[in-house]
Amino acid sequence: MQEQKENTLYTVTVYTENQVGILNQISIIFTRRNLNIWSLSVSSSAIEGVHKFTIACRTDQKTIEAVVRQIEKRIDVIKAFYYTDDEIIYQEVALYKVQTDNILESPDFEELVRRNNAQILEINRTYTVLQKTGHCDETRRLYDELAPYGVLQFVRSGRVAITKSTVERVSRFIELQDKRAERTKMVNAD
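Residues numbered from 1 in each chain as written. Predicted model: local features only at pLDDT ≥ 70, side-chain atom pairs only at ≥ 80, totals over all residues. Heavy atoms only, no water.

1. Points about the overall build of the protein
And then number 1: Of regular secondary structure, the protein possesses six helices and nine strands.
And then number 2: Long-range pairs, those at least 24 residues apart, make up 78% of the contacts in the protein between residues at least 6 apart in sequence. (Helix = DSSP H or I, 4+ residues; strand = E, 2+ residues; numbered from the N terminus. Contact = heavy atoms within 4.5 Å.)

Here it is as structure tokens:
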């Protein structure tokens, strides 16, 4: 991998067992290196019993490599990887609550929703809730466009990401570990 410049946005994926305290252990590694976690998302993965942390952080390549090595030293961590944006497909979800009275008075609101590929999730007399899926700059742009309508609340999810690779790297790692364990079992049985 080519050396990345300082302040590159990296996405770290961490595959773990679902254990109490693992989030704290991982976040401490970033804190000790004085790194701010830009985004964090945790969910189950495609592998039964394995959870996936998706962490976005700005730093340099040398530091992110050290962070990933340190994360992998945690006993409940199966494997960790880091990626640049060109190696992954990523999205986030944003929700916006705006004043219904303001949007009803605007002839341009429908066009704004369509242009941004947003969805209306709920409308009542007081507020309207919209949802936008996209990259950070897209969800931020919609927020800016909604500001004149009176944004009552705004929230974004953490980044969710999958690799562009046709092979799930953690699956390959687990397969190799299983084969090693099987060989060790056979050797010990002899």
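2. Regarding the side chain of Thr 16
And then number 1: Here Thr 16 lies in strand β1 (residues 8–17).
And then number 2: For Thr 16, a relative accessible area of 0% translates into the label buried.
And then number 3: In contact with Thr 16, not counting residues within four places along its chain, are Ile 22, Ile 26, Gly 49, Val 50, His 51, Phe 53, Asp 76, Val 77 and Ile 78. (Buried < 20%, exposed > 50% of the residue type's maximum accessible area, 1.4 Å probe, protein only.)

3. Things to note about the sheet that holds strand β4 (residues 77–84)
And then number 1: Read across the sheet, four strands follow the order β2-β3-β1-β4 without closing on themselves; strand pairing throughout is antiparallel. A single partner strand is all that each edge strand has here, and the edge strands are β2 (37–44) and β4. Within the sheet, the average angular offset between the axes of one strand and its neighbour, ignoring direction, is 15°.
And then number 2: With ten bridges connecting them, β1 and strand β3 (residues 50–59) associate as antiparallel partners. Bridge pairing in β3 links Thr 8 to Thr 59.
And then number 3: With respect to the sheet, helix α2 (residues 61–72) is in contact with β1, β3 and β4, its orientation differing from that of β4 by roughly 165°. (Pairing = 2+ DSSP bridges. Axes fitted to C-alpha atoms, helices over the stretch in contact; angles between N-to-C directions.)

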